[in-house]
Amino acid sequence: MNRMRVLVFFAVCCGVLGAAGGVGCVKMGGEGPHGDAIMLAENVRLTRSAGSWTAAPPGATANVILGTADLGSHFTETSDGSLVFSGVTGWPSERGLTPITLASSLQTATAVYGGAGYTISGLVGSAVWGPADTLTVSSGGTVVTVPAPAPETDRSTILGTPDGLATTVTFRDGQCDAVTVFIQTDTTGGAMRRILEADVPLTGGNRTMPLADETTIAALRSAGSDPSMIYFSCMTEVETTVFFPGMRAVPVQAGRMFQVSWADLQ
């Protein structure tokens, strides 16, 4: 797999995000500098109170994108697995199959191409995954399935003690194919990270890594914009070209996503 595949998020209308924030949405992608992904994820807001992390009820988010070359021109690699971006005013996609349906046992989203990208409808602000669930993505007779990541045993331990972007994130060994992070700074900039689970340090049956590496943290400081919201995910995924025939492979991703405000990481 390409280690530079990362998860992209941005505030455009694509689904229903985290119950803590009500109805909202996050734009996502994954592949290289283009932001490619076909993704359905459950999203949970984590907040810091009385020295511990508390999880809000889950929401849902989804995305379909194969990023254009122009989108890719806004990304710069800061380290192996990490990128920063700037000047991104939209997340345009190439046209693939349409419509595309993304379904779990609890939610169904429909993605329709509208000329510049895919618009997603159908999600509601509640849980995405049932026990031992599967993501099924389909368009006509084309079908791809991905098993959803197992649930966390204790959401209060996913994030470590607040330390800015050096705060650690922990998932159980074997829960993910990759751990992804998106750092939103302003409306057009930020950073993202994707690390294969096998490359995340293993300690006592858990995989633990900082939200961002030192080089990326330095690049964001140099840009002069503090983060506002940070999203990170445990993703299971498969790559395929069937939904974008004749183009590069796109990861189909089932995710357990979390968001945390910059203020709670101080």
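Residues numbered from 1 in each chain as written. Predicted model: local features only at pLDDT ≥ 70, side-chain atom pairs only at ≥ 80, totals over all residues. Heavy atoms only, no water.

(A) Layout of the overall build of the protein chain. Along the backbone of the protein chain there are two helices and 19 strands. A total of 266 residues make up the protein chain; the buried ones form 56% of that total. By sequence separation, contacts in the protein chain at least 24 residues apart represent 68% of the contacts at least 6 residues apart. (Helix = DSSP H or I, 4+ residues; strand = E, 2+ residues; numbered from the N terminus. Buried < 20%, exposed > 50% of the residue type's maximum accessible area, 1.4 Å probe, protein only. Contact = heavy atoms within 4.5 Å.)

(B) Here's a closer look at the sheet that holds strand 10 (residues 118-121). Read from one edge to the other, the open sheet built from five strands follows the order 10-9-8-11-12, with strand pairing classed as antiparallel. Of all the strands in the sheet, just strand 10 and strand 12 (142-147) have a single pairing partner and so form its edges. Direction aside, neighbouring strands of the sheet carry axes that sit 20° apart on average. (Pairing = 2+ DSSP bridges. Axes fitted to C-alpha atoms, helices over the stretch in contact; angles between N-to-C directions.)

(C) Quick look at the environment of W262. The topology assignment puts W262 in the segment after strand 19 (250-261). Looking at W262, the relative accessible area reads 18%, which means it is buried. Residues W262 and L165, spaced 97 residues apart in sequence, show a C-alpha to C-alpha distance of 8.6 Å. Excluding its chain neighbours within four sequence positions, the residues that come into contact with W262 are G164, L165, D226, P227, S228 and I230.

(D) Spotlight on the environment of S233. On the secondary structure map, S233 appears in strand 18 (residues 229-240). By relative accessible area, S233 is classed as buried at 0%. Measuring from C-alpha to C-alpha, the distance between S233 and A254 comes to 9.7 Å, with 21 residues separating the pair along the chain.

(E) Summary view of the confidence of the model for the protein chain. In this model, the protein chain carries a mean pLDDT of 87, and residues with pLDDT of at least 70 account for 87%. Here residues 1-33 is a poorly scored stretch, pLDDT under 50, and it has 150 contacts once near neighbours within four places are set aside; other chains count. (pLDDT = per-residue confidence, 0-100.)

(F) Representation of the layout of surface pockets. Taken as a whole, the largest pocket spans an internal volume of roughly 190 Å³. Residues belonging to the lining of the largest pocket are distributed by class as follows: six nonpolar, three polar and three charged. Estimates place the volume of the second largest pocket at around 150 Å³. Every residue lining the second largest pocket is counted, 13 residues in all, and those nearest its centre are F85, S86, T185, G190 and A223. Contributions of two or more residues to the lining of the second largest pocket are made by strand 7 (82-85) and helix 2 (214-223). Looking at the lining of the second largest pocket element by element, the count peaks at three residues for helix 2. A class-by-class count of the residues in the lining of the second largest pocket yields five nonpolar, seven polar and one charged. (1 Å grid on protein atoms, 1.4 Å probe; cavity = no way out; pocket = protein on both sides within 12 Å on 5 of 7 lines; lining within 4 Å. Points joined across faces, edges and corners; volume = space filled by probe spheres on them. Nonpolar A, V, L, I, M, F, W, Y, C, P; charged D, E, K, R; others polar.)

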